[in-house]
Amino acid sequence: SDGPCAADLALWGGATMVSSREEEAILIATLVVAAVSFVCSLAVVVSYCMFEQLRRPSYLLILHVAISDIGTDLSYALANPQGGVLCDVQAALNQVFTLTSVIFPTLITLQLYELIVVKARLSHHTWPIWATYAIAILSAVLPWGFGLYSNVVGWFWVGS
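Residues numbered from 1 in each chain as written. Predicted model: local features only at pLDDT ≥ 70, side-chain atom pairs only at ≥ 80, totals over all residues. Heavy atoms only, no water.

Chemist: Explanation requested: helix H2 (residues 57-77) in the structure shown.
Modeler: Residues spaced three or four apart along an α-helix face the same direction, because each turn holds 3.6 residues. Between its first and last C-alpha atoms H2 spans 31 Å; for 21 residues at 1.5 Å apiece the expected length is 30 Å, and the two agree. Among all positions of H2, only Leu61, Leu63, His64, Val65, Ala66, Ser68, Ile70, Gly71, Thr72, Asp73 and Ser75 are buried. Close packing links the buried residues of H2 with helix H1 (20-50), helix H3 (85-116) and helix H4 (127-145). (Helix = DSSP H or I, 4+ residues; strand = E, 2+ residues; numbered from the N terminus. Expected span 1.5 Å × (residues − 1). Buried < 20%, exposed > 50% of the residue type's maximum accessible area, 1.4 Å probe, protein only. Contact = heavy atoms within 4.5 Å.)

Chemist: I would appreciate a short explanation of the packing of H1 against H2 in the present structure.
Modeler: Helices that pack against each other are described as a pair by the angle of their axes relative to one another and the distance between those axes. Packing of H1 against H2 leaves a shortest axis separation of 8 Å and a crossing angle of 150 degrees. The pairing of H1 with H2 is recorded here as roughly antiparallel in orientation. Regarding H1 and H2, the two cross each other, and that crossing is left-handed. Note on element contacts: H2 touches H1 through Tyr59, Leu60, Ile62, Leu63, Ala66, Ile67, Asp69, Ile70, Asp73, Leu74, Tyr76 and Ala77, opposite Thr30, Leu31, Ala34, Ser37, Phe38, Ser41, Leu42, Val44, Val45 and Tyr48. A class-by-class count of the residues in the contact of H1 with H2 yields 17 nonpolar, 3 polar and 2 charged. (Axes fitted to C-alpha atoms, helices over the stretch in contact; angles between N-to-C directions. Parallel < 35°, antiparallel > 145°, perpendicular 65-115°, else oblique. Left-handed = near helix turned anticlockwise from the far one by under 90°. Nonpolar A, V, L, I, M, F, W, Y, C, P; charged D, E, K, R; others polar.)

Chemist: What's the story with the environment of Ser123 in this structure? I'm lost.
Modeler: Looking at the secondary structure, you find Ser123 in the loop between H3 and H4. For Ser123, the contacting residues outside a window of four places in its chain are Gln111 and Glu114.

Chemist: I'm lost on the side chain of Ser68 in this one. Help?
Modeler: Secondary-structure assignment places Ser68 in helix H2. The residues touching Ser68, leaving out its near neighbours within four places in the chain, are Phe97, Thr100, Ser101, Phe104 and Tyr133.

Chemist: Looking at this structure, how should I read the layout of surface pockets?
Modeler: Think of a ball as big as a water molecule: rolled over the atoms, this probe shows where empty space is left. Computed from the structure, the largest pocket encloses a volume of approximately 290 Å³. Lining the largest pocket are 16 residues, with Leu61, Gln111, Ser123, His125 and Pro128 sitting closest to its centre. Counting residues per element, the ones that place at least two in the lining of the largest pocket are H2, H3 and H4. Residues that form the lining of the largest pocket fall into these classes: 9 nonpolar, 6 polar and 1 charged. (1 Å grid on protein atoms, 1.4 Å probe; cavity = no way out; pocket = protein on both sides within 12 Å on 5 of 7 lines; lining within 4 Å. Points joined across faces, edges and corners; volume = space filled by probe spheres on them.)

Chemist: Please clarify how the environment of Val89 should be interpreted in this entry.
Modeler: Of note, Val89 is situated in helix H3. Using a relative accessible area of 35% as the deciding quantity, one classes Val89 as partly exposed. As a C-alpha pair, Val89 and Leu78 span 11 residues in sequence and 8.8 Å in three-dimensional space.

Chemist: Sorry if this is basic, but what is going on with the confidence of the model for the protein here?
Modeler: Per-chain confidence: the protein averages 80 in pLDDT, with 79% of residues scoring 70 or above. Across residues 1-14, where pLDDT falls below 50, the model places 21 contacts with residues more than four positions away in sequence or in other chains. (pLDDT = per-residue confidence, 0-100.)

Below, the structure written as structure tokens:
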């Protein structure tokens, strides 16, 4: 063991010991990538707000992908909290926005399928957006309610 900072990292079904230096390198790389992603996602949000021609229902899902990425980036910015409320906040942000970052592109894919293959008009319903957030928030509240969040190599998330 390399001391109290060493953590177990599950890789493809096996367990590998990660030293405190390696864990620090992982955290730094995560923060750098999250910062770049944050800036790019923020550019999408600002563009959507600034340019009226982008404020159409077809771009609304892209806006929510960017918002989801910003939320995920903020959860990574809380790297390696040492416990308490901050851990729960990081775990909840990570759970909600990582899930919405997957669901919104799926909704975009379904809209493209409707438009190109089915040749249907784009629906302008907002209920899929609200349903996505509701599902994601529920997926974050349930583990929190059962006390399942724990330290998983440098950030808090659903642990064992």
